[in-house]
Amino acid sequence: MVLVVVSSPKGGVGKTTLVANLAVALRRRGRQVTAVDFDSQNALRFLLAPNHEGDLGVARCTARGLPWSAALVSGVDGVRVAPYGEASTAERLRMKDLLVEETLAESLAGLARSPDEIVIADTTPGEGRMQERLEALADLKLIVLLADAGSMALVPTYREGLMLRPISERPDTFGILNQVDPRRRLSRDIADFIAAHAPERFIGVVHYDEALAESAARGEPVVGAAPGSVAALDIDTIAGRLDRLTSPGSY
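Owing to the predicted nature of the structure, the values given are computational and were not obtained by experimental measurement.

Rules used in this analysis
- Residues numbered from 1 in each chain as written.
- Predicted model: local features only at pLDDT ≥ 70, side-chain atom pairs only at ≥ 80, totals over all residues.
- Heavy atoms only, no water.
- Phe/Tyr/Trp six-rings, centres within 6.5 Å; stacked < 30°, edge-to-face > 60°.
- Helix = DSSP H or I, 4+ residues; strand = E, 2+ residues; numbered from the N terminus.
- Buried < 20%, exposed > 50% of the residue type's maximum accessible area, 1.4 Å probe, protein only.
- Lys NZ or Arg CZ within 6 Å of the ring centre and 35° of its normal.
- 1 Å grid on protein atoms, 1.4 Å probe; cavity = no way out; pocket = protein on both sides within 12 Å on 5 of 7 lines; lining within 4 Å.
- Points joined across faces, edges and corners; volume = space filled by probe spheres on them.
- Pairing = 2+ DSSP bridges.
- Polar contact = N/O pair within 3.5 Å; in protein donor to acceptor, adjacent residues only side chain to side chain.
- Contact = heavy atoms within 4.5 Å.
- Core = buried A, V, L, I, M, F, W, Y, C linked by side-chain atoms within 4.5 Å.

Caption draft 1: Spotlight on the packing of aromatic side chains. Enumeration according to the criterion identifies 1 aromatic pair in this entry. Their ring planes at 65° and their centres at 5.7 Å tell us that Phe-38 and Trp-68 sit as a pair that is edge-to-face. One end of the pair, Phe-38, is in the loop between strand E2 (33-37) and helix H2 (44-48); the other, Trp-68, is in the loop between helix H3 (58-64) and strand E3 (73-74), with 30 residues separating them in the sequence. Relative accessible area serves as the criterion here: at 3%, Trp-68 is assigned to the buried category. Its guanidinium or amino end placed over the ring of Phe-46, Arg-45 lies 4.5 Å from that ring's centre, counting from NZ or CZ.

Caption draft 2: A look at the layout of surface pockets. Roughly 280 Å³ of volume is contained in the largest pocket. In terms of lining, the largest pocket is formed by 16 residues, of which the most central are Phe-38, Lys-96, Thr-124, Met-130 and Gln-131. Mapped onto the lining of the largest pocket, the elements with two or more residues apiece are helix H4 (89-98) and helix H6 (129-137). For the lining of the largest pocket, the leading source of residues is H6, giving 4 residues.

Caption draft 3: The arrangement of the sheet that holds strand E1 (residues 2-7) in detail. As summarised here, the arrangement of the 8 strands in space is E3-E4-E2-E5-E1-E6-E7-E8, forming an open sheet in which the pairing is mixed. Each edge of the open sheet carries a strand with a single partner, namely E3 and strand E8 (202-207). Relative to strand E6 (residues 140-146), E1 runs parallel, the two being bridged by 4 bridges. What sits directly across from Val-6, in E6, is Leu-142.

Caption draft 4: Geometry of the pairing of E2. With 5 of 5 residues buried, E2 is to be regarded as a mostly interior element. Alternating positions in E2 separate into two faces, Val-33, Ala-35 and Asp-37 on one and Thr-34 and Val-36 on the other, with burial throughout. Bridging between E2 and strand E5 (residues 118-122) involves 5 bridges; their strand directions are parallel. Bridge pairing links Ala-35 to Ile-120 in E5. Summarising the sheet, E2 and strand E4 (residues 80-82) pair through 3 bridges and their orientation is parallel. Within the sheet, the bridge partner assigned to Val-36 lies in E4 and is Ala-82.

Caption draft 5: Broad picture of the side chain of Ser-229. Positionally, Ser-229 belongs in the loop between helix H10 (222-225) and helix H11 (230-245). Polar contacts involving the side chain of Ser-229 include one to the main-chain carbonyl oxygen of Ala-226, which spans 2.7 Å. Once residues within four sequence positions are removed from consideration, Ser-229 is found in contact with Asp-209, Ala-211 and Val-222.

Caption draft 6: Geometry of the nonpolar core. Grouped together as the largest cluster of nonpolar side chains are 40 residues, with contacts concentrated most on Leu-22, Leu-48, Ile-120, Leu-142 and Ile-235. Here the element with the most residues in this core is helix H1 (residues 15-28); it accounts for 8 residues. Sequence-distant contacts of Leu-48, defined by excluding residues within four places in its chain, comprise Ala-20, Ala-23, Val-24, Ala-35, Gly-75, Val-76, Val-79 and Val-81. Of all hydrophobic cores here, the second largest spans 22 residues; its members include Ala-82, Ala-87, Leu-104 and Leu-108.

This is the structure:
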């Protein structure tokens, strides 16, 4: 199993939409993919399993001592989805208490069907105990940022400074710059700065594209609904890099 953990320093950066689209794009490249939602907003299922109406997700499974495989549902294009699910406050808190690093690893491993299956985790914005535990287990970490002043202000401190750390021989943390709009000077300048000064730290850029928001509103990944759109092509490029980085022998 290859664990890819997707996080963001703040909400509203399009993290869940990217997770859903990357999962589908990787599946279309022939990879086995399971997407797990660790965000209590339980939004990932709207994009990957829109017809799912069950209330059993990873939170309730954890609280009841059930394996996470009990929460799995079939999603778009063959992606398997483990939704966060409906959960009471007590169940959400119990999940955080029960999932120490060892039990979290066991629960995730129970979802994999093969050694090279990609398990991609959507996380709660910000930093917390669950985020810390997931990142300790991750083979690859993706940080979603916007090309705006708010996201850039967090870069020096978030995850020990994504752009400020020297590149290591085996990097496992990459940024994704989302909603880059060349019509806006600040957005364009930030994208140009990163391309010039920290390209090795970013796995890709996703341009602002109304097709992405419109597809999400319909509960569809843009890579399937509008495969020729700018956003879909950007996401497919990132998926290609992820595919290579997570292929057997690369991790």
